[in-house]
Amino acid sequence: MLMRRLPVILILTVALGTAGWLAASAVPVILAAGTGILGAWPLLAPREPAAASETGSGWHWADCVTSLRLGMLLVVIAAIAVHPGPGFGWLAVAIAIPMLALDLVDGLIARATVTTAAGARFDEQVDATVVLVLSAALVPLYGTWYLISGLAHFAFRAGAAIRPAWRAELPPSWRRKTVAAFQGPLLLAAGSPPGLAVPAFGWVCTIAAVASLLVSFALDIRILERGRAAEVNQA
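The name recorded for the protein in an unreviewed UniProt entry is CDP-alcohol phosphatidyltransferase, from Brevibacterium luteolum.

A. Broad picture of the nonpolar core. In terms of nonpolar packing, the biggest core is built from 33 residues, with Phe88, Met99, Val130, Leu138, Tyr146 and Leu187 touching the most fellow members. Counting residues per element, the ones that place at least two in this core are helix H4 (61-82), helix H5 (90-112), helix H6 (117-137), helix H9 (174-191) and helix H11 (199-234). Apart from the residues lying within four places of it in its own chain, the contact partners of Val130 are Leu73, Met99 and Leu100. If you look at the next biggest cluster of nonpolar residues, it comprises nine residues, including Ala165, Val179, Phe217 and Leu224.

B. Molecular detail of the pattern of salt bridges. Applying the stated rule across the entire model yields seven salt bridges. When the shortest N-O distance is used, the salt bridge between Arg69 and Asp127 registers 2.9 Å. Within this pair, whereas Arg69 is found in helix H4, its partner Asp127 is found in helix H6, the two being separated by 58 residues in sequence. Of the charged contacts in the structure, one is a salt bridge between Asp220 and Arg175, with a shortest N-O distance of 3.0 Å. Of the two residues, Asp220 sits in helix H11 while Arg175 sits in helix H9, which places them 45 residues apart along the sequence. With a relative accessible area of 4%, Asp220 lands in the buried category. Linked through salt bridges whose partners overlap, the residues forming this network are Arg69, Asp103, Asp123 and Asp127.

C. Region of the structure containing H6. Under the 1.5 Å per step criterion, the end-to-end length of H6 is 30 Å for 21 residues, consistent within 8% with the ideal 30 Å. Every buried residue of H6 is accounted for by Ala118, Gly119, Phe122, Asp123, Val126, Ala128, Val130, Val131, Val133, Leu134, Ser135 and Ala137.

D. Fine view of the packing of H4 against H5. Where H4 meets H5, the axes come as close as 9 Å, and the angle between the chain directions of the two elements is 165 degrees. Accordingly, the angle class assigned to the pair H4 and H5 is roughly antiparallel. With respect to the hand of their crossing, H4 and H5 are arranged in left-handed fashion. Across from Trp61, Ala62, Val65, Thr66, Leu68, Arg69, Met72, Leu73, Val75, Val76, Ala79 and Ile80 in H4, the residues of H5 making contact are Leu91, Ala92, Ile95, Ala96, Pro98, Met99, Leu102, Asp103, Asp106, Ile109 and Ala110. Split by residue class, the contact of H4 with H5 holds 19 nonpolar, one polar and three charged.

E. The arrangement of the side chain of Ser149 in detail. Within the fold, Ser149 resides in helix H8 (residues 147-162). When its relative accessible area of 3% is taken as the criterion, Ser149 is described as buried. Sequence-distant contacts of Ser149, defined by excluding residues within four places in its chain, comprise Val131, Ser135, Gln183, Leu187, Val210 and Leu213.

F. Highlighting the packing of aromatic side chains. Applying the stated rule across the entire model yields six aromatic pairs. A ring pair is formed by Tyr142 and Trp203, whose centres lie 4.9 Å apart and whose planes are at 90 degrees; its orientation type is edge-to-face. In this pair, Tyr142 is assigned in helix H7 (residues 139-142) and Trp203 in helix H11, connecting sequence segments 61 residues apart. Classification of Tyr142 by relative accessible area gives buried; the value is 9%. For Trp203, a relative accessible area of 36% translates into the label partly exposed. The interplanar angle of 5 degrees and the centroid separation of 5.4 Å between the aromatic rings of Phe156 and Trp166 together place this pair among those described as stacked. Of this pair, Phe156 sits in helix H8 while Trp166 sits in the loop between H8 and H9, and the two are ten residues apart along the sequence.

G. The confidence of the model for the protein, seen in detail. Summing up the model confidence of the protein, the mean pLDDT is 76 and the portion of residues at 70 or higher is 71%. Low pLDDT, under 50, characterises residues 14-55; the predicted model gives this stretch 61 contacts beyond four residues in sequence or across chains.

How each quantity is defined
- Residues numbered from 1 in each chain as written.
- Predicted model: local features only at pLDDT ≥ 70, side-chain atom pairs only at ≥ 80, totals over all residues.
- Heavy atoms only, no water.
- Core = buried A, V, L, I, M, F, W, Y, C linked by side-chain atoms within 4.5 Å.
- Buried < 20%, exposed > 50% of the residue type's maximum accessible area, 1.4 Å probe, protein only.
- Helix = DSSP H or I, 4+ residues; strand = E, 2+ residues; numbered from the N terminus.
- Contact = heavy atoms within 4.5 Å.
- Salt bridge = Lys/Arg side-chain N within 4 Å of Asp/Glu carboxyl O.
- Expected span 1.5 Å × (residues − 1).
- Axes fitted to C-alpha atoms, helices over the stretch in contact; angles between N-to-C directions.
- Parallel < 35°, antiparallel > 145°, perpendicular 65-115°, else oblique.
- Left-handed = near helix turned anticlockwise from the far one by under 90°.
- Nonpolar A, V, L, I, M, F, W, Y, C, P; charged D, E, K, R; others polar.
- Phe/Tyr/Trp six-rings, centres within 6.5 Å; stacked < 30°, edge-to-face > 60°.
- pLDDT = per-residue confidence, 0-100.

Right, dumping it as structure tokens:
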């Protein structure tokens with residue numbers, strides 16, 4: 001059910017974003033409406049029978065929060081687009097803070113209710129998209145190298161397409177969760193008015209975000225490669 005509804009969410013996202021760019025003065029209004037649609041639509045759409053929830057399938061409350069975060073990201077993009085200067089204005093920061101906080105909320109809801117593989121993938125892709133958008137917005141300030149932070153997840157997925165070892169399931173890791181959780185706040189801080197007012201603070205945030213992410217991915221790849229090597233040796 002989730003995968004059938006996901007294309008509709010993506011279509012709404014693209015449509016609202018395009019409309020916003022074509023009518024720059026109306027961007028915040030259009031995308032604010034988009035937030036309401038994306039957040040409320042899963043609640044208004046027909047739900048699967050209760051038995052589906054018991055089996056861990058279908059659309060759940062955590063997925064509603066994730067779709068709301070996706071809608072809020074549209075508003076953040078609009079706020080960045082209409083901001084006259086570099087980085088993030090206070091409007092974008094004010095919207096991005098609750099958007100990032102909701103990432104914790106949907107995780108808590110998922111653990112307290114039902115967690116599905118499709119819902120987890122949806123949440124992961126939204127997280128990666130948030131990081132990509134924020135890092136891309138910081139390129140004019142810190143350079144194209146900063147896209148490393150936004151493209152790392154997608155590069156890893158692309159690598160998994162040609163490297164079978166990377167497709168294995170990784171064990172749970174607080175290190176991985178912590179690094180992922182701090183990416184958004186670090187990126188936001190780097191481009192916020194305080195980050196622009198104190199360049200050293202902004203650079204510390206950018207370097208911390210990129211370095212921690214690269215180290216985390218390197219450790220995960222080592223785990224995956226060692227697991228693959230162990231399988232080969234056992235064979």
